[in-house]
Amino acid sequence: MEGNWNRVLFANLSSGEIWVDHYEPDVWKENLGGVGLGLFIFEKIAKYVAPLSPDNPLVFTVGPLTGTVFPNTGRYSVVSRSPLNGAIAEGNGGGFIGNEIKRAGFDAIVILGAAGAPSILRIGNKIRIEERPELWGKNYFHTEAKLRSEDGSRVAGIGRAGENCISIAAIINDGGRAVARGGLGAVMGSKKLKAITVRGGKEIPLNDQRSFFQVSRRTCDQLVGLTQVNSDKNSSTAYASPVARPSYSLPRKDNDAHCANCVTGCPRAGGLKWDYLGSPEPQTIASLLPFTDGRDFEQIARWNYYLNDAGLDTLSMSKVLSILKLGIHEDGLTPSGGNREDHFVHKVEDIFRNVENGDASIMPFVLEATTPENFPDLLGKTNKKQSTGTNKITSMDEIYNSLIVCKFAKLGIDTLSEALRFSTGLDYSSDSLLASASLIAKRRESLNKKMDEF
Ligand code: SF4
């Protein structure tokens, strides 16, 4: 195989077994990678059990272009059954761990079972499940710093939200990148898996290296001159706010703020004192703005950090807090007294305390906050309506999400199929990519229908 490794790593946390599986070439061509590959693997092994059952698989995937020089392909995808609504949850996250998974020699990592004690899965020269009880109860950034300091691995893991199986828990990686919606962090927590750590270093095998480098170079040149990302900034909700606008700068290409091999940078706030802790994305800024006094933009960055550290999806949590009417007087969005920032943090800490003490009274608010009615476009791919033909996932969305090519780049289907031909040697075309998109959509629909019955 070229472009892909044809290697899917399985780790059963219940039995401690670790093995590698391989599929026929057609599987790779038809399912592309990312979400498409994740749905294929999920369907192959699904037992249609409850989302927090040990038998619910948690599937991490990358794509045929991940880890290569082709630009804006550094993301990764996660698929499982959502604890929010029982439908398929799929999400993707940026940063560097996607590249690392591919360069470790794997196209996917499948987590099965549940560990007896809090554990991590370490992937490097050796692959092993390690019991790490001392990390349980710790928030995400402490966990990432500790694990990175041990061998330089990239990390994806959960905070206390995932540990407590709160159904808006995210999987966080690389200093605040998140696979956010759908509660995939809760699935990870139910398996007592605090984190996966990955260290790669392998070169990806390419079918026609010279031609692949040429199309990659041409695409990079096009993207470097792209004004699209800047126009996205100008039309974003965050940029519309006079509070956010002065701090908002594009593109971001410094430090760890961008994904691996990104040449554009994306709409994130810049120039903040808290930059290095992961600056908020536009939707997060917009969703947290109502809780601020409208003057302190740094406050949003700190709350974004706090929620990422706890391992909570920022958008879902802001919705929950809205429903709880956090500090909102009848006459407006003013705090009910005291320090607004303390109030925000205390409210979230109250929720944690209650959940840790076995009080599940927050869950109805979480469910209310994340119903399709309350969250029409942010619940994304966990919305069961998508399985009934009312979804808004376009064929290009399916292709981007399965090749794990950043949507901000808005790359054309001809460019993508050309790059795929040179990387894999398989006869990809625009038509074959559209056929894959249709196959992937049908598989999601069929999986959701089956899960409706269980
Ligand atoms: S534009 Fe943003 S999300 Fe996309 S690859 Fe670059 S840094 Fe990542």
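Structure: see above.
Residues numbered from 1 in each chain as written. Predicted model: local features only at pLDDT ≥ 70, side-chain atom pairs only at ≥ 80, totals over all residues. Heavy atoms only, no water.

### Remarks on the overall build of the chain
Spelled out, the test is: Where helices and strands are cited, they refer to DSSP runs of H or I of at least four residues and of E of at least two residues respectively, numbered from the N terminus. The rule is simple: take the accessible area with a 1.4 Å probe, protein chains only, and divide by the maximum for that residue type; under 20% is buried, over 50% is exposed, in between is partly exposed.
Scanning the chain from terminus to terminus reveals 16 helices and 12 strands. Split into buried and exposed, the 454 residues of the chain put 59% on the buried side.

### Digging into the packing of aromatic side chains
By convention here, two paired aromatic rings are described through the distance between centres and the angle between planes. The criterion, for reference: A pair of aromatic rings is counted whenever rings of Phe, Tyr or Trp (Trp by its six-membered ring) have centres within 6.5 Å, and the orientation is called stacked for planes under 30 degrees apart, edge-to-face for over 60 and tilted otherwise. Charges are assigned to positions over rings by a cutoff of 6 Å between ring centre and Lys NZ or Arg CZ, combined with an angular limit of 35 degrees from the ring normal.
Tallied over the full model, the rule gives seven aromatic pairs. Between Tyr23 and Phe40, the aromatic rings sit 5.3 Å apart at their centres with planes inclined by 75°, giving edge-to-face as the arrangement. Of this pair, Tyr23 sits in the loop between strand 2 (18–21) and helix 1 (25–31) while Phe40 sits in helix 2 (residues 34–45), placing them 17 residues apart in sequence. For the pair Tyr23 and Phe40, one class covers both residues: buried. Chaining the aromatic ring pairs together yields one cluster made of Tyr23, Trp28 and Phe40. Here the basic side chain of Lys194 rests over the ring of Trp136, its NZ or CZ set 6.0 Å away from the ring centre.

### Topic: the environment of Met396
As a reminder, the rule being used: Residue contacts follow a heavy-atom distance rule, with two residues in contact if any of their heavy atoms lie within 4.5 Å.
Among the secondary structure elements, Met396 is positioned in helix 14 (residues 395–403). Given a relative accessible area of 24%, Met396 falls into the partly exposed group. Separated by 37 residues in the primary sequence, Met396 and Leu433 have C-alpha atoms spaced 9.0 Å apart. Residues in contact with Met396, not counting those within four places in the same chain, are Leu411, Ile413 and Leu416.

### Focus: the sheet that holds strand 8 (residues 127–131)
In a beta sheet, neighbouring strands pair by backbone hydrogen bonds and run either parallel or antiparallel. Threshold: Strands are labelled as partners when DSSP assigns at least two bridges between them. Between N-to-C directions, angles cover 0 to 180 degrees, with each direction set by a line fitted to C-alpha atoms, over the stretch in contact for helices.
The six strands lie next to each other as 8-7-12-9-10-11, forming an open sheet whose pairing is mixed. The open sheet terminates on both sides in strands that have one partner only, identified here as strand 8 and strand 11 (177–179). The mean angle between the axes of side-by-side strands here comes to 20°, regardless of whether they run parallel or antiparallel. Sheet topology places strand 10 (residues 171–173) next to strand 11; three bridges connect them, and they run antiparallel. Across the sheet, Ile172 pairs through a bridge with Ala178, a residue of strand 11. Running at roughly 150° to strand 9 (residues 154–157), helix 4 (residues 140–151) makes contact with strand 7 (119–123), strand 9, strand 10 and strand 12 (193–198) of the sheet.

### A word on the sheet that holds strand 2
Pairing in this open sheet of six strands is mixed, and the strands run 2-1-6-3-4-5 from one edge to the other. Where the open sheet ends on each side, the last strands, each with one partner, are strand 2 and strand 5 (88–93). This sheet shows a mean twist of 20° between the axes of neighbouring strands, independent of strand direction. The sheet contact formed by strand 4 (residues 76–81) and strand 5 spans six bridges and is antiparallel. Bridge pairing links Tyr76 to Gly93 in strand 5.

### Examining helix 4
Where we set the bar: To estimate how far a helix should extend, the number of its residues minus one is multiplied by 1.5 Å. It is the directions from the helix axis to the C-beta atoms whose arc is reported.
When the terminal C-alpha atoms of helix 4 are compared, their 17 Å separation across 12 residues agrees well with the 16 Å that a helix rising 1.5 Å per residue should span. Among all positions in helix 4, only Tyr140, Phe141, Thr143, Glu144 and Leu147 are buried. The buried residues of helix 4 occupy an angular sector of 155° when the element is viewed end-on, so they sit on one face.

### Things to note about the pairing of strand 7
The element strand 7 is largely enclosed, with a buried count of five among its five residues. The two faces of strand 7 match: Ser119, Leu121 and Ile123 on one face and Ile120 and Arg122 on the other face are all buried. By the bridge criterion, five bridges tie strand 7 to strand 8 in an arrangement that is antiparallel. Looking at the pairing, Ile123 lines up with Ile127 of strand 8. Here strand 7 folds back onto strand 8 in antiparallel fashion, the turn holding three residues. As judged from the five bridges shared by strand 7 and strand 12, these two strands associate in the parallel manner. Looking at the pairing, Ser119 lines up with Leu193 of strand 12.

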